[in-house]
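Notes for the structure review
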Amino acid sequence: MSQTMPLRLHHHAWITDDQEANRRFYEDVIGLPLVAAWTEREVLSGAERAYSHALYGLADGSALAFFQFADPKDQEEFKTDINSTPLRHLALKVEAETQEAILKRINAAEYPESNAHVINHGFCVSLYITDPNGLILEFAVDHPDVEKIDAERRATAHADLARWLAGNHTSNNHWR
């Protein structure tokens, strides 16, 4: 049986209260280029609304997208208040040099709210940063043996999940 899978992430959308502060963070500090800025009027949820939609490009052609509405009432209506937790985040694969450069720029830009920190997960080393909108970003550098690790996890994925669901919660991450 042939199964068609998505090709790649097209974009991940979020709301921002300040497109320029967001641009400075993503383009000037993180290093993602602004690749499009759409300004539109369309009917959303039964009312015509004016908004901007700015996209920041990733190397594979995907993007991070941010919306801001012209009318503060629209902005409030569409803004998503989400329980902040480190487990709700957007992870991006990077090389070690890129991760180091992002950390240096975030420290130099003095974004105290960024809460920048690094965690070694064994299979990858991750830099976590909170953006000006409250979105947590992870910049992950894969372990040098990522292909071996990936093959191991793929071979046992269903059995590992079944074991965990059955109540055996022992760790299978011997890469830490």
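The preceding data block contains the structure.
Owing to the predicted nature of the structure, the values given are computational and were not obtained by experimental measurement. (Residues numbered from 1 in each chain as written. Predicted model: local features only at pLDDT ≥ 70, side-chain atom pairs only at ≥ 80, totals over all residues. Heavy atoms only, no water.)

1. Here's the deal with the pattern of salt bridges
Oppositely charged side chains may form a pair once their charged atoms are brought near each other. For clarity, the cut-off: Salt bridges are defined by distance alone: a side-chain nitrogen of Lys or Arg within 4 Å of a carboxyl oxygen of Asp or Glu. Each helix is a run of H or I in the DSSP string that is no shorter than four residues. Each strand is a run of E no shorter than two, and both are numbered from the N terminus.
The tally for this structure, following the rule as stated, stands at twelve salt bridges. Ionic pairing is found between Arg24 and Glu20, a salt bridge with its closest N-O pair at 3.6 Å. With Arg24 and Glu20 both in helix H1 (residues 19-30) and four residues apart, this pair spans about one turn of that helix. By sharing partners, the salt bridges in this structure join Glu20, Arg23, Arg24, Glu27 and Asp28 into a single network.

2. A look at the sheet that holds strand S4 (residues 63-69)
This is how the line gets drawn: Between any two strands, at least two bridges found by DSSP are needed for them to pair. Angular values range over 0 to 180 degrees, each being the angle between N-to-C directions of two axes fitted as lines to C-alpha atoms, with helices fitted over their stretch in contact.
Strands sit in the order S1-S4-S3-S2 across an open sheet of four strands; the sheet is mixed. The open sheet has two edge strands with one neighbour each: strand S1 (11-15) and strand S2 (34-44). Within the sheet, the average angular offset between the axes of one strand and its neighbour, ignoring direction, is 25°. Pairing of S1 with S4, which is carried by five bridges, proceeds in the parallel orientation.

3. Examining the packing of aromatic side chains
Aromatic ring pairs: the centre-centre distance and the angle between the two ring planes describe each pair. Let me state the cut-off plainly: Aromatic pairing here means that ring centres of Phe, Tyr or Trp (its six-membered ring) are within 6.5 Å. Orientation follows from the plane angle: under 30 degrees is stacked, over 60 is edge-to-face, and everything else is tilted. Burial classes: relative accessible area under 20% of the type maximum marks a residue as buried, over 50% as exposed, and values in between as partly exposed (1.4 Å probe, protein chains only).
If you walk through the whole model with that rule in mind, you get eight aromatic pairs. Taking 5.1 Å as the distance between ring centres and 85° as the angle between the ring planes, the aromatic pair formed by Phe25 and Tyr111 counts as edge-to-face. In this pair, Phe25 is assigned in helix H1 and Tyr111 in the loop between helix H3 (96-108) and strand S6 (117-120), connecting sequence segments 86 residues apart. A single burial state applies to Phe25 and to Tyr111, both of which are buried. With centroids separated by 4.8 Å and ring planes inclined at 20°, the aromatic side chains of Phe69 and Phe78 adopt a geometry described as stacked. Its relative accessible area of 23% is what places Phe78 among the partly exposed residues. Members of the aromatic cluster, joined through ring pairs, are Phe25, Tyr26, Tyr56, Phe66 and Tyr111.

4. Let's talk about the nonpolar core
Basically, it comes down to this: Among buried residues, those of type Ala, Val, Leu, Ile, Met, Phe, Trp, Tyr and Cys that are joined through side-chain atoms within 4.5 Å constitute a nonpolar core. Only heavy atoms enter the contact rule, under which two residues are in contact if any of them lie within 4.5 Å.
If you look at the biggest cluster of nonpolar residues, it comprises 22 residues, and the most contacted ones within it are Phe25, Tyr26, Ile129 and Phe139. Residue assignment for this core shows that the elements contributing at least two residues are H1, strand S3 (47-57), S4, strand S5 (90-93), H3, strand S7 (124-130) and strand S8 (136-142). With four residues, the top contributor of residues to this core is H1. Sequence-distant contacts of Tyr26, that is, excluding residues within four places in its chain, are made with Gly31, Leu32, Tyr56, Leu64, Phe66, Asp131, Leu135 and Leu137.

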